[in-house]
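Residue-level listing of the chains:
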Amino acid sequence: MEQESDAYRTSNRSVIALSASFQPLLRFLILLGFVATLYLGGRAVLAGQLSVGTYGFMVFIVQDLLWPFTELGEIFDEYQRAMASVRRVMGLLDSPIEASAYSAVSQATPYGEISFDQITFAYQPHHPVIKNLSLKIPAGATIGIVGATGSGKSTLIKLLLRFYQSQQGDILIDGQDIQTLGLMNLRRHIGWVSQDVFLFHGTVAENIAYGSFEASHDQIIQAAKAAEAHDFIQQLPQRYDTIVGERGQKLSGGQRQRIAIARTILKNPPILVLDEATSAVDNETEAAIQKSLTKITQNRTTIAIAHRLSTIRHSDCIYVMDQGQLMEQGTHESLLAQNRIYANLWRVQSGVEWVKQPLTGN
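Now for a look at the structure at hand. Here the structure is a predicted model, which is why all the values come from computation and not from measurement.

**Observations regarding the overall build of the protein chain**
Point 1. Per the secondary structure count, the protein chain includes 12 helices and 10 strands.
Point 2. Taking all 362 residues of the protein chain together, 39% fall into the buried category.
Point 3. Considering only residue pairs separated by 6 or more positions, the protein chain has 70% of its internal contacts joining residues 24 or more positions apart.
Point 4. Here the protein chain has roughly 21900 Å² of accessible surface; of this, 56% comes from carbon and sulfur atoms.

Here you go:
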């Protein structure tokens, strides 16, 4: 990595030096041509070989012809940058697909039973993020996964969605290895609501219907109502035809989150993944989102990753991860009774362990 950084710095220094010297050199050549025209044309006029009118025309036409060349350096620089970008894009498009997008194995709509069997995964060799983890989620159950940052919670979901492939162990849905399923078939049955919601530059209705392109306008409205998003959409300038801007910049974080939930409701997947879905919103927005989540988690397998323990306290089972391993599991009440990691987290978030310090001063 250090060698690559040094090589990049050296190349960048050479490019900057070339770009910085090209423009002054070009301007000097233009000035030289202009001075030569003035000198030689002036001598020709004094010698009677050239009329004054023609001489004046030559002076102005030379300026019009030469000064556009000053933009040549910028055009050349932009061209090289564009070609470098094109090479990177083409290299990305030509990259081989490691995970098969299609599979000969057909899969009907799953019930939603998920099993992680002896999973081990590492982003870098010899530094496993998840270590020999086994976890079984019954169909239709709602579970919560909590733990400190870096404990492997989100990585577990990425393995389920096949963004990565584990080095050891199997992940099963209804007893079938997900590696035997095509990506389209697998992800069609999983709804994912993440903390970082992606909305494209389009209307509210188009963003809700993304992934369910055949949905009618009435179905879009019903999904928005179920996600507690209909009321604020009605207050937008063009309601469902309002352009949300690039990445939804015209909406607040809570509004973007509810549109993402509406998108998932419209998709109606048998498996729902909530990855920190309420961590970046205020308490009022969180209450509205929680109300909508209560509706959509019914009769489907739900995995909720959360730092706010209040969002998963009513889960059928809560799993506590630490350094890539499952350390505790149980209901909210049973984990509090164990008085270990989960209980400490709950006390910190509920303020039980906060002690007011006496004010000191002169």
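Here the narrative resumes, following the displayed structure.
**Brief notes about the nonpolar core**
Point 1. If you look at the biggest cluster of nonpolar residues, it comprises 40 residues, and the most contacted ones within it are Val204, Ile208, Ile233, Tyr240, Ile312 and Tyr342.
Point 2. Contributions of two or more residues to this core are made by α6 (204-208), α7 (217-226), α8 (230-234), α9 (253-267), β7 (271-275), α10 (283-296), β9 (317-322) and α12 (341-350).
Point 3. Looking at which element gives the most residues to this core, the answer is α9, with six residues.
Point 4. The contact partners of Tyr240, leaving out residues within four places of it in the chain, are Thr203, Val204, Ala205, Ile208, His217, Ile220, Ile221, Ala224, His230, Ile233 and Gln234.
Point 5. One finds Leu133, Ile303, Ile305 and Cys317 within the second-largest nonpolar core, a separate group that totals 29 residues.

**A look at empty space enclosed by the protein**
Point 1. Overall, the coordinates contain two cavities of 30 Å³ or more when judged by the stated rule.
Point 2. Volume-wise, the second largest cavity comes out at about 30 Å³.
Point 3. Considering the residues around the second largest cavity, the lining is formed by Thr264, Ile265, Asn268, Pro269, Leu272, Ile296 and Arg300.
Point 4. Of the residues contributing to the lining of the second largest cavity, the split by class is four nonpolar, two polar and one charged.

**A few points about the sheet that holds strand β1 (residues 114-124)**
Within a sheet, neighbouring strands are paired by backbone hydrogen bonds and run either parallel or antiparallel to one another.
Point 1. Strand order across the open sheet formed by four strands is β2-β1-β4-β5, with antiparallel pairing between neighbours. Each having just a single partner strand, β2 (127-137) and β5 (176-177) make up the two edges of the open sheet.
Point 2. With five bridges connecting them, β1 and strand β4 (residues 168-173) associate as antiparallel partners. For Ile114, the partnering residue across the bridge sits in β4 and is Ile173.
Point 3. Here helix α4 (residues 153-160) sits on the sheet and contacts β1, β2 and β4; the angle it forms with β1, its principal contact strand, is near 110°.

**What about α9?**
Since there are 3.6 residues in each turn of an α-helix, residues three or four apart along the chain are aligned in direction.
Point 1. Look at α9: 21 Å from first C-alpha to last across 15 residues, which is about the 21 Å you get at 1.5 Å a residue.
Point 2. α9 sits mainly inside the fold: 12 of its 15 residues count as buried.
Point 3. Where α9 is concerned, the buried positions are Gly254, Gln255, Gln257, Arg258, Ile259, Ala260, Ile261, Ala262, Arg263, Thr264, Ile265 and Leu266.
Point 4. Positive backbone phi, at 55°, marks Asn268, one or two positions downstream of α9.

**Re the side chain of Ser166**
Point 1. Within the secondary structure layout, Ser166 lies in the loop between α4 and β4.
Point 2. Relative accessible area serves as the criterion here: at 17%, Ser166 is assigned to the buried category.
Point 3. Engagement of the side chain of Ser166 in a polar contact is seen with the backbone oxygen of Gln168, the distance being 3.5 Å.
Point 4. Among all residues touching Ser166, those that are not within four sequence positions of it are Ile119, Thr120, Phe121 and Leu159.

Thresholds applied
- Residues numbered from 1 in each chain as written.
- Predicted model: local features only at pLDDT ≥ 70, side-chain atom pairs only at ≥ 80, totals over all residues.
- Heavy atoms only, no water.
- Helix = DSSP H or I, 4+ residues; strand = E, 2+ residues; numbered from the N terminus.
- Buried < 20%, exposed > 50% of the residue type's maximum accessible area, 1.4 Å probe, protein only.
- Contact = heavy atoms within 4.5 Å.
- Areas by Shrake-Rupley, 256 points an atom, 1.4 Å probe, with all protein chains shown as cover.
- Core = buried A, V, L, I, M, F, W, Y, C linked by side-chain atoms within 4.5 Å.
- 1 Å grid on protein atoms, 1.4 Å probe; cavity = no way out; pocket = protein on both sides within 12 Å on 5 of 7 lines; lining within 4 Å.
- Points joined across faces, edges and corners; volume = space filled by probe spheres on them.
- Nonpolar A, V, L, I, M, F, W, Y, C, P; charged D, E, K, R; others polar.
- Pairing = 2+ DSSP bridges.
- Axes fitted to C-alpha atoms, helices over the stretch in contact; angles between N-to-C directions.
- Expected span 1.5 Å × (residues − 1).
- Polar contact = N/O pair within 3.5 Å; in protein donor to acceptor, adjacent residues only side chain to side chain.

Function cannot be read off these values alone, since they describe shape.
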